[in-house]
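Structural overview for review
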Amino acid sequence: MEAELVALAAAGATALVQQMATEGWTAARDRVVAFFADRSSVTPDSVEEDLETGRAELVAAYRDEDEDLMADVQSEWRTRLRRALAADPSAAAELRTLLDELSPATPTTYQAIDVHNTITGATVHGPVIQTGAIGRVDFGGKGAHGRGGL
């Protein structure tokens, strides 16, 4: 399988697992069910059941801080997406569209701003952090997980 399709499957699994922890889960679940139902012999009900089982496992994993189970849920969906792409490489375009829908918009350019700190009247014995903005960063993979919504 092409490296690009493997990377696409991994990105899809990451986005899917992140969506499992959000309020928009129902819409995301329905889109993923349609993706799998359109190209496999499984029924939409069985895909939906598998997704809900994965979500329940993920919620439990967050609660219990079980990073291995979190990684297992993501790995399962990465494998399923990779198999779907291997069976139907033309599905890559639909998966890319689905990823665009599931992934929050991220800015591609940043506006330069001036930031000034002035520390007076005291001795500072620690770090000083200077920033114009602090945004949300989600990390995938074992060991670092965003906790959005759980």
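Look a little higher up for the structure.
Not measured: the values here are computed from a predicted model.

**A few points about the packing of aromatic side chains**
Here the structure, examined in full by the defined rule, presents 2 aromatic pairs. An angle of 85 degrees between the planes, with centres 5.4 Å apart, marks the rings of phenylalanine 35 and phenylalanine 36 as edge-to-face. Neither phenylalanine 35 nor phenylalanine 36 differs from the other in exposure class; each is buried. Three or more aromatic residues link up through ring pairs in this structure, and these residues are Phe35, Phe36 and Trp77. Directly above the aromatic system of phenylalanine 36 lies the positively charged group of arginine 80, at a separation of 5.6 Å from the ring centroid.

**Digging into the pattern of salt bridges**
Applying the stated criterion to the full structure yields 8 salt bridges. Among the salt bridges present, the one from aspartate 50 reaches arginine 80, with a minimum N-O distance of 2.8 Å. Within this pair, whereas aspartate 50 is found in helix H3 (residues 44–64), its partner arginine 80 is found in helix H4 (residues 67–87), the two being separated by 30 residues in sequence. Aspartate 64 is the salt-bridge partner of arginine 63, the closest N and O atoms lying 3.1 Å from each other. For the pair formed by arginine 63 and aspartate 64, the shared burial category is exposed. A single salt-bridge network, built from bridges that share partners, covers Arg29, Asp30, Glu48 and Glu52.

**A look at the nonpolar core**
Within soluble globular proteins, side chains that are nonpolar tend to cluster in buried spots. The biggest cluster of nonpolar side chains holds 31 residues, and the ones touching the most others in it are Met20, Phe35, Phe36, Leu51, Trp77 and Leu85. Listing elements by their share of this core, those giving two or more residues are helix H1 (3–20), helix H2 (25–37), H3, H4 and helix H5 (91–102). For this core, the element with the most residues is H1, which contributes 8 residues. If near-sequence neighbours (up to four positions away) are discounted, methionine 20 is found in contact with Trp25, Leu51, Gly54, Arg55, Leu58, Val73 and Trp77.

**Observations concerning a negative patch on the surface**
Together, Glu57, Glu65, Asp66, Glu67 and Asp72 make up a negatively charged patch on the protein surface. Mapped onto the fold, aspartate 72 is located in helix H4.

Quick notes on the rules
Residues numbered from 1 in each chain as written. Predicted model: local features only at pLDDT ≥ 70, side-chain atom pairs only at ≥ 80, totals over all residues. Heavy atoms only, no water. Phe/Tyr/Trp six-rings, centres within 6.5 Å; stacked < 30°, edge-to-face > 60°. Buried < 20%, exposed > 50% of the residue type's maximum accessible area, 1.4 Å probe, protein only. Lys NZ or Arg CZ within 6 Å of the ring centre and 35° of its normal. Salt bridge = Lys/Arg side-chain N within 4 Å of Asp/Glu carboxyl O. Helix = DSSP H or I, 4+ residues; strand = E, 2+ residues; numbered from the N terminus. Core = buried A, V, L, I, M, F, W, Y, C linked by side-chain atoms within 4.5 Å. Contact = heavy atoms within 4.5 Å. Patch = residues over 30% accessible without salt bridge, like charges linked within 9 Å, V, L, I, M, F, W, Y side chains within 5 Å. Areas by Shrake-Rupley, 256 points an atom, 1.4 Å probe, with all protein chains shown as cover. Lys, Arg positive; Asp, Glu negative; His and termini not counted. Charge placed at Lys NZ, Arg CZ, Asp CG, Glu CD.

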